[in-house]
Amino acid sequence: GAVVSQHPSWVICKSGTSVKIECRSLDFQATTMFWYRQFPKQSLMLMATSNEGSKATYEQGVEKDKFLINHASLTLSTLTVTSAHPEDSSFYICSANIPGLAGQQYFGPGTRLTVT
Amino acid sequence: GIQVEQSPPDLILQEGANSTLRCNFSDSVNNLQWFHQNPWGQLINLFYIPSGTKQNGRLSATTVATERYSLLYISSSQTTDSGVYFCAVISGGGADGLTFGKGTHLIIQP
């Protein structure tokens, strides 16, 4: 159980365009999902917390107007990278926890974004 | 915010050897997880262990919450154990995101 999927697994886009990444909880409902970013050979950094039915909470230094998060249902959160630039190229990973299970998080397989 | 330090940063071992990875954290935690990141980037859940000891096959983990550290033990290492091992914690409530350490890069040579 506790499977989280992401789509797409990789995407290449041109500078200035926008790209949407989906994160789905497949076998449970997630009122909260999390988005992380990982640059090459570095650790994961929390970008934002996605709350179903309300606005996302962004970590310090993460531009909320650039990284749009929508958590429209209990099984889907989306991250849209707007006006992408090469420095946005990274590995984006989402996670979710099962309500009532004390915060253990389950991670999606990640999306590798390359901006040319 | 909470600080998470992992050691060693790199570890090279021969197949069959045992290893111990350490995670120190700067504040009390409600959640501590160990992950193995495979070459494709997927994070594999190893342990959810905010306190106590757990074992799963050749892997075991111990968290001493009062002393703010956790250890991951790998016995009889196999080449498939290679990869990056991350420790991640939450010091606040269950609705908070994880804070990750920088990881230990483990290479198991045949």
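Throughout what follows, the structure given in this document is the object of discussion. No experiment lies behind these values; they were computed from the predicted model shown.

Some thoughts on the overall build of chain A
Of regular secondary structure, chain A possesses zero helices and 11 strands. Taken from the N to the C terminus, the helices and strands of chain A come in the order β-β-β-β-β-β-β-β-β-β-β. For 116 residues, the compact-globule formula gives about 13 Å, and the C-alpha radius of gyration of chain A, at 13 Å, lands near that figure. Residues counted as buried form 52% of the 116 residues belonging to chain A. For chain A, long-range pairs separated by at least 24 residues make up 54% of all intrachain contacts whose partners lie at least 6 apart in sequence. If you sum the accessible surface of chain A, you get close to 5700 Å²; carbon and sulfur atoms cover 53% of it. Counting 9 positive and 8 negative side-chain charges, chain A places the centres of these two groups 5 Å from one another.

Considerations on the overall build of chain B
Check the secondary structure of chain B and you find zero helices and 11 strands. For chain B, the N- to C-terminal ordering of α and β elements is β-β-β-β-β-β-β-β-β-β-β. Since a compact globule built from 110 residues should have a radius of gyration of about 13 Å, the 13 Å found for chain B is in line with a globular shape. Along the longest, intermediate and shortest principal axes, the C-alpha atoms of chain B span 40 × 25 × 20 Å. Counting every position in chain B, which comprises 110 residues, the buried fraction comes to 47%. Across chain B, every contact between residues at least 6 apart in sequence was considered, and the portion connecting residues at least 24 apart equals 55%. Taken as a whole, chain B presents about 5200 Å² of accessible surface, with 49% of it coming from carbon and sulfur. Charge separation in chain B, taken as the distance between the mean sites of 5 positive and 7 negative side-chain charges, equals 3 Å.

Comments concerning the sheet that holds strand S3 (residues 19-25) of chain A
Residue and element names in this part refer to chain A. Strands sit in the order S1-S3-S8-S7 across an open sheet of four strands; the sheet is antiparallel. Strand pairing shows two members of the sheet lacking a second neighbour, strand S1 (4-7) and strand S7 (67-73), which therefore form its edges. Neighbour-to-neighbour, the strand axes of this sheet turn through a mean angle of 20°, independent of strand direction. Note that S1 and S3 share four bridges and pair antiparallel. From the neighbouring strand, Val4 faces S3, where its bridge partner is Ser25.

Notes on the interface of chain A and chain B
Listed by partner, the interface residues are 21 residues for chain A and 20 residues for chain B. When chain A packs against chain B, close to 1400 Å² is buried across both sides, 51% of that on carbon and sulfur atoms. Taken together, chain A and chain B are joined by zero salt bridges. Elements with a minimum of two residues in the side of chain A that touches chain B: strand S4 (32-38), strand S5 (44-51), strand S9 (90-97) and strand S10 (105-107) of chain A. Within the side of chain A that touches chain B, the residues separate by chemical class into 10 nonpolar, 10 polar and one charged.

Focus: the nonpolar core
Here is a general trend for soluble globular proteins: nonpolar side chains tend to be buried in one another's company. Residue and element names in this part refer to chain A. Val4, Trp35, Phe67, Leu79, Tyr92 and Leu113 are the most contacted members of the largest nonpolar core, which has 26 residues in total. Elements that contribute at least two residues to this core include exactly strand S2 (10-13), S3, S4, S5, S7, strand S8 (76-81), S9 and strand S11 (111-115). Ignoring anything within four residues of it in the chain, the contact list for Tyr92 reads Gln6, Ile21, Tyr36, Arg37, Met47, Phe67, Leu79, Gly110, Thr111 and Leu113.

Some points on the pattern of salt bridges
Considering all chains together, one arrives at three salt bridges over all chains under this definition. The residue A:Glu22 makes a salt bridge to A:Arg24 at a minimum N-O spacing of 3.5 Å. Exposure remark for A:Glu22: the relative accessible area of 23% places this residue in the partly exposed category. Overall, the relative accessible area of 33% leaves A:Arg24 in the partly exposed class. A salt bridge links B:Arg58 to B:Asp81, with the nearest nitrogen and oxygen atoms 2.9 Å apart. Residue B:Arg58 is located in the loop between strand S6 (52-56) and strand S7 (59-64), and its partner B:Asp81 is located in the loop between strand S8 (69-74) and strand S9 (83-90); the two are separated by 23 residues in the primary sequence.

Reading guide: rules and limits
Residues numbered from 1 in each chain as written. Chains lettered and ligands numbered in written order. Predicted model: local features only at pLDDT ≥ 70, side-chain atom pairs only at ≥ 80, totals over all residues. Heavy atoms only, no water. Helix = DSSP H or I, 4+ residues; strand = E, 2+ residues; numbered from the N terminus. Rg over C-alpha atoms; globule rule 2.2 N^0.38 Å. Buried < 20%, exposed > 50% of the residue type's maximum accessible area, 1.4 Å probe, protein only. Contact = heavy atoms within 4.5 Å. Areas by Shrake-Rupley, 256 points an atom, 1.4 Å probe, with all protein chains shown as cover. Lys, Arg positive; Asp, Glu negative; His and termini not counted. Charge placed at Lys NZ, Arg CZ, Asp CG, Glu CD. Pairing = 2+ DSSP bridges. Axes fitted to C-alpha atoms, helices over the stretch in contact; angles between N-to-C directions. Buried area = accessible area lost by both parts, 1.4 Å probe. Salt bridge = Lys/Arg side-chain N within 4 Å of Asp/Glu carboxyl O. Nonpolar A, V, L, I, M, F, W, Y, C, P; charged D, E, K, R; others polar. Core = buried A, V, L, I, M, F, W, Y, C linked by side-chain atoms within 4.5 Å.

Read these as layout, nothing more, since geometry by itself doesn't imply function.
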